Amino acid sequence: MLQQSISHSKKKAKGYRYMDEGLNNFCLNTYILGGRRMYEIFHANFKGVFPSPRTMGERLAKFQTFVPEGCVNVNGLVDYLLSHKLPMVVSLSEDATAIVGKREYNSTNSVMKNTLDAVRMFSTYKRATVIIVVMAQPLGDGIPPMRICSFGSDNSFTATDVKNRLDTIVSLLKEKGISVLTYSADGDSRELKSMRVMLQLGYVQRNNADKVFPGNTCPWFVATIAKDAPIPVQDTIHEGAKMRTRLLKDHRPMPFGNKIACRENLETLCGLVTKDQHLLQERDLLPEDKMNYDAVSRLIRPGLRELLKKHVPGSEGTIFYLKLMEYATTSFLDKQMSPLERIFRLWFAVFSVRYWRYWMMCDQAYPLAKHFFTSNAYQCLELNAHSLLLTELRLQEAKMTEIFLPWCFGSQQCESYFKALRSFTPVGSTQTNFTVGEVITSRGWKVDANLIATAEGDTHGIIYPRHIAQLERCGGTKRAMEDVEHPSKSQIVSIIKRALQEAKSELNQLGVLVNAADSECFKYDPRLAVTSTLSELENIAGPIVDDCDEPDIEGVSEIDDQLDERDRQDIEMLNLLFDAEFTDFTNRLSASKTNKKTLDPLSVPLELTPFVKIADKNSRLRVVKKSAIIWFLEHGVRRLSNDRTYRVRATSPYVQRQHLIVKTVEKRIVRIGDWCIFKTDEDCPLPNKFLLGRVLSFSLRVGSKKELGKRVLEWAYDGDQNNLGALCIWYEVVWNSTKKEIQSELKDIIVSSHGFHPCETYVCSIPPPTIDPSNSRLFLLRHIISDLYSFVNELLPS
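Draft legend 1. View of the overall build of the protein. The helix and strand tally for the protein stands at 30 helices and 19 strands. Considering the protein as a whole, with its 798 residues, one finds that 49% of them fall into the buried category. Here the protein has roughly 39200 Å² of accessible surface; of this, 52% comes from carbon and sulfur atoms.

Draft legend 2. Main features of the environment of Met56. As for its placement among the helices and strands, Met56 is situated in helix 3 (residues 53-61). What makes Met56 buried here is its relative accessible area of 0%. For the pair Met56 and Ile32, spaced 24 residues apart in the sequence, the C-alpha separation amounts to 9.4 Å. When residues no more than four places from it in sequence are discounted, the contact partners of Met56 are Asn24, Cys27, Leu28, Tyr31, Tyr39 and Pro51.

Draft legend 3. Summary view of the side chain of His371. By secondary structure assignment, the location of His371 is in helix 15 (residues 368-371). Among residues more than four places away in sequence, those in contact with His371 are Arg246, Pro253, Met254, Pro255, Trp356, Met360, Ala365 and Tyr366.

Draft legend 4. Just the packing of helix 14 (residues 339-360) against helix 16 (residues 375-398), in detail. Interaxial distance between helix 14 and helix 16 falls to 10 Å at its minimum, and their mutual angle equals 150 degrees. In terms of axis orientation, helix 14 runs roughly antiparallel to helix 16. Two packed elements cross with a definite hand, and for helix 14 against helix 16 that hand is left-handed. Residues Pro339, Arg342, Ile343, Leu346, Trp347, Ala349, Val350, Val353, Arg354 and Arg357 of helix 14 lie in contact with helix 16, whose contacting residues are Tyr378, Leu381, Glu382, Asn384, Ala385, His386, Leu388, Leu389 and Glu392. In the contact of helix 14 with helix 16, the residues fall into 12 nonpolar, 2 polar and 5 charged.

Draft legend 5. Local environment of the sheet that holds strand 1 (residues 89-98). Taken together, 5 strands build an open sheet; the order of strands is 3-2-1-4-5 and the sheet is mixed. In the strand order of this sheet, the two ends are held by strand 3 (146-153) and strand 5 (231-234), each with one partner. Taken pair by pair, the neighbouring strands of this sheet meet at an average axis angle of 25 degrees, ignoring direction. One ladder, built from 7 bridges, connects strand 2 (residues 130-138) with strand 3; its direction is antiparallel. In the sheet register, Val130 faces strand 3, and the bridge partner there is Ser153. Sheet contacts for helix 4 (residues 74-83): strand 1, strand 2 and strand 3; angle to strand 3, the most-contacted strand, approximately 155 degrees. Those strands touched by helix 6 (residues 159-175) are strand 1, strand 2, strand 3 and strand 4 (179-185), and its axis lies near 140 degrees from that of strand 1.

Draft legend 6. Seen up close, the pairing of strand 8 (residues 611-615). Most of strand 8 sits out of view: 4 of its 5 residues are buried. Sheet topology note: the strand 8/strand 9 (residues 621-625) ladder contains 5 bridges and is antiparallel. Residue pairing in the sheet places Val612 in a bridge with Val624 of strand 9. In sequence, strand 8 turns back onto strand 9 through a hairpin of 5 residues, with Ser619 there showing a positive phi of about 70 degrees.

Draft legend 7. Quick look at the nonpolar core. Formed by 125 residues in total, the largest nonpolar core has its most connected members in Leu92, Phe256, Trp347 and Ile496. Tallying contributions element by element places helix 14 first for this core, with 13 residues. Leu28, Phe50, Met56 and Ile440 belong to the second-largest nonpolar core, a separate cluster that totals 29 residues.

Analysis parameters
Residues numbered from 1 in each chain as written. Predicted model: local features only at pLDDT ≥ 70, side-chain atom pairs only at ≥ 80, totals over all residues. Heavy atoms only, no water. Helix = DSSP H or I, 4+ residues; strand = E, 2+ residues; numbered from the N terminus. Buried < 20%, exposed > 50% of the residue type's maximum accessible area, 1.4 Å probe, protein only. Areas by Shrake-Rupley, 256 points an atom, 1.4 Å probe, with all protein chains shown as cover. Contact = heavy atoms within 4.5 Å. Axes fitted to C-alpha atoms, helices over the stretch in contact; angles between N-to-C directions. Parallel < 35°, antiparallel > 145°, perpendicular 65-115°, else oblique. Left-handed = near helix turned anticlockwise from the far one by under 90°. Nonpolar A, V, L, I, M, F, W, Y, C, P; charged D, E, K, R; others polar. Pairing = 2+ DSSP bridges. Core = buried A, V, L, I, M, F, W, Y, C linked by side-chain atoms within 4.5 Å.

In structure tokens form, the structure reads like this:
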């Protein structure tokens, strides 16, 4: 910049020449990201450095390579790879985002020849409600992805449509010498179904030659794929978000043997230690904020699990679940992790979930639909574990292990693209939503230009801090690619077996015990294989609906096939068009045509022009803009809120939480996290007729599905709500009847199944017990023992 300023200092403005390609790309990015207004300020104050805004507008227009909706930009991708000297291998990802559902006229790609065409198209085709984008991620160091295809959809496509679309794109790329290593999506049920078919997930190969691991060396691996087919991968960030969302559902506790994984343990920790220790933010524990992956990265910190172990008794189930979240996500995202450690972590998570699921299915105490996480999240975990191994082995066979970059195998490229589409608005504009037409003709190519200019930053020595920060997340890319050792098949089998044994050991310690052989407990349920129907999966795999997303629409609604009814509607719409008041361009076109000595415009075919002939209510022909016809026919446009962030109530700060902690033995409003005394049932075999429980959540014992799912935060013991139950971790307070005093140590209660105990059996609340640092056991302080006696005296054995 300094050199260019000096070289132009003695020249007139018309003599400026901007030949530095790196600086030109920097100016282009400034123009795109800051907008024309900010760029004008730079141009006016940095003479000879920043080209004129008009020049930058012309340079930006060069990136406006028009790719029609639904077409694949194969040639653009080839040029992109060759210009950066990258291998002709990419990772594809696909995702959709909601748009303003509005049909618009496009003069460059219109199939409308007359008014009847427009009417029939409106009655035949549905309005697009989402835009689907396909991104190609080059497998190189720090290279941004490229959009190769985009199109509008009414979101009613099927798994077969997904497969056909992928096959078409792969074949087009193959013709130009580009191979596709992986294909990623975000957990949409239709894409997941297509991926399971591609992997033949659950289908056990009988022929030894078809097996990935010959013989019976690895019976837990139940997938295979064609040699040149893309390996399907589900987005790991979405997987982590789904697991977090499941943890935050209070009305559906997740039992791990004698322990429960739940949000309350984390909320209790936030009330016991300050923010500088747990590092959690207010929104991290709010279930409404579903796609908050930064919250996932804070929840999976090993330091948080250490704090739970130290300060929150009975939180072992939550600690183990957070470990599963960490292993399921870091196996792909941690850039400094060795391939062998990635395989171990991901298969530890898979074996843990298989064993936990088998334990639940041994009886009816814990139905999968209520206590397991969703089938979608589970199948994504299984699919990723198999795909990671297949990717590693394929690259070893091709001797291309240098492009083993698992953090690139996801759909976050699409998410980043959508974020950029919403942010690239003029200065002062609050419009964050868009139509399909706006993406194809304006916003899309601005984002494309930004990605290309950013990709060339390293070559030209330009630093983009956000781009660098993204690369350095979870470990630097350059460091991650150095001195990586890739395991042999025997090492892989050995590490998978170790993952199985460690998963079994840790679950056994939690009380998840199964009286069956490992070959039965840890195998992939054959009923979940790709040959199973959707109804069968719903019965054995838990709920199909995703924790993070709305239910997907896989069935296409019926279209009325009675031609006479459709014709009647078309005639009604044409009559409305005849009666409508439109601007008539006949005279304007006549004057223009007369000056050029041409024929009357009404005798000239207008099919290929932006105009169309239409009669008015007096049967007189007029020339009307096609865009006006489209505007008139469009109605009921679905608008989206400009506020893309779900506004939720902030949680209580640390100081306020401290005031809510019980300080004395008393009857009071019971809140989640309180330690309370409850009466036991008459047939309880314990000597005392009461138990101490730490309240994890509340729920109505009887009610509709909507009422049972409503979150209850507190319960007033003197109120009229007697239909409420409390989910607790239970402890026995050992009573010595001879000395008439309560022993300080508390004893864990092992229950056959966790349930909601009636709140009407509530006796009193007590201050939290103290944790003995030497052995992590719980005990009550002396003053609590003394105050408690008056409340439980009648419940002691005589």
